Amino acid sequence: MCRAVLAAGGDALGVATLDEGIELRQFGIGAPIIVVAGVYAEQLDQFLAHSLTPVIYDLNGLTELEAAVA
């Protein structure tokens, strides 16, 4: 399904969970992937390793993400 969306002109994908985003990366999807479930501090390394974009729901999450990428 994802390949069809991208072939039809989609430029990014959205998934519910981190695991779904990682699975798409493992299948070779290189487009931006947004994870709408948010991010927990213990997941930050996986988000960065797989180039996934988390939805941030609070200032604390933003602060943790900023510190991880600095």
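For the structure itself, look to the data block above.
On a predicted model such as this, the values are computed, not experimentally measured, just so you know.

Draft legend 1. Fine view of a nonpolar patch on the surface. Together, Ile34, Val36 and Tyr57 make up an exposed nonpolar region whose accessible area comes to about 300 Å². Tracing the sequence through the fold places Tyr57 in the loop between β3 (53-54) and α4 (59-69). Accessibility expressed as a relative area gives 60% for Tyr57, which makes it exposed.

Draft legend 2. The arrangement of the sheet that holds strand β2 (residues 33-35) in detail. Read from one edge of the open sheet, 3 strands run β1-β2-β3, paired in parallel fashion. Each edge of the open sheet carries a strand with a single partner, namely β1 (13-15) and β3. Relative to β2, β1 is paired through 3 bridges, and the arrangement is parallel. Bridging across to β2, Leu13 finds its partner in Ile33.

Draft legend 3. Here's a closer look at the layout of surface pockets. In this structure, the largest pocket occupies an estimated 170 Å³ of space. Together, Ala37, Gly38, Val39, Tyr40, Ala41, Val55, Ile56, Tyr57, Asp58, Asn60, Gly61 and Glu64 line the largest pocket. Each residue belonging to the lining of the largest pocket can be placed in one class, and the counts come to 7 nonpolar, 3 polar and 2 charged.

Draft legend 4. Highlighting helix α2 (residues 18-26). Within α2 the residues assigned to the buried category are Leu18, Gly21, Ile22, Leu24 and Arg25. Looking straight down α2, one finds that the buried residues subtend no more than 160° of arc, so they occupy a single side. Exposed residues on α2 whose side chains face more than 90 degrees from its buried face are Asp19 and Gln26. Considering only its buried residues, α2 is in contact with α1 (2-7), β1, β2 and α3 (44-49).

Draft legend 5. Quick peek at unusual backbone geometry. Here Ser51, not a glycine, exhibits a phi torsion of approximately 50°, which is positive. Structurally, the position occupied by Ser51 is in the loop between α3 and β3.

Draft legend 6. Seen up close, the environment of Ala70. Counting through the fold element by element, Ala70 comes out in the segment after α4. We classify Ala70 as exposed; its relative accessible area is 87%. Separated by 22 residues in the primary sequence, Ala70 and Leu48 place their C-alpha atoms 12 Å from one another.

Conventions and cut-offs
- Residues numbered from 1 in each chain as written.
- Predicted model: local features only at pLDDT ≥ 70, side-chain atom pairs only at ≥ 80, totals over all residues.
- Heavy atoms only, no water.
- Patch = residues over 30% accessible without salt bridge, like charges linked within 9 Å, V, L, I, M, F, W, Y side chains within 5 Å.
- Areas by Shrake-Rupley, 256 points an atom, 1.4 Å probe, with all protein chains shown as cover.
- Salt bridge = Lys/Arg side-chain N within 4 Å of Asp/Glu carboxyl O.
- Helix = DSSP H or I, 4+ residues; strand = E, 2+ residues; numbered from the N terminus.
- Buried < 20%, exposed > 50% of the residue type's maximum accessible area, 1.4 Å probe, protein only.
- Pairing = 2+ DSSP bridges.
- 1 Å grid on protein atoms, 1.4 Å probe; cavity = no way out; pocket = protein on both sides within 12 Å on 5 of 7 lines; lining within 4 Å.
- Points joined across faces, edges and corners; volume = space filled by probe spheres on them.
- Nonpolar A, V, L, I, M, F, W, Y, C, P; charged D, E, K, R; others polar.
- Arc of directions from axis to C-beta.
- Contact = heavy atoms within 4.5 Å.

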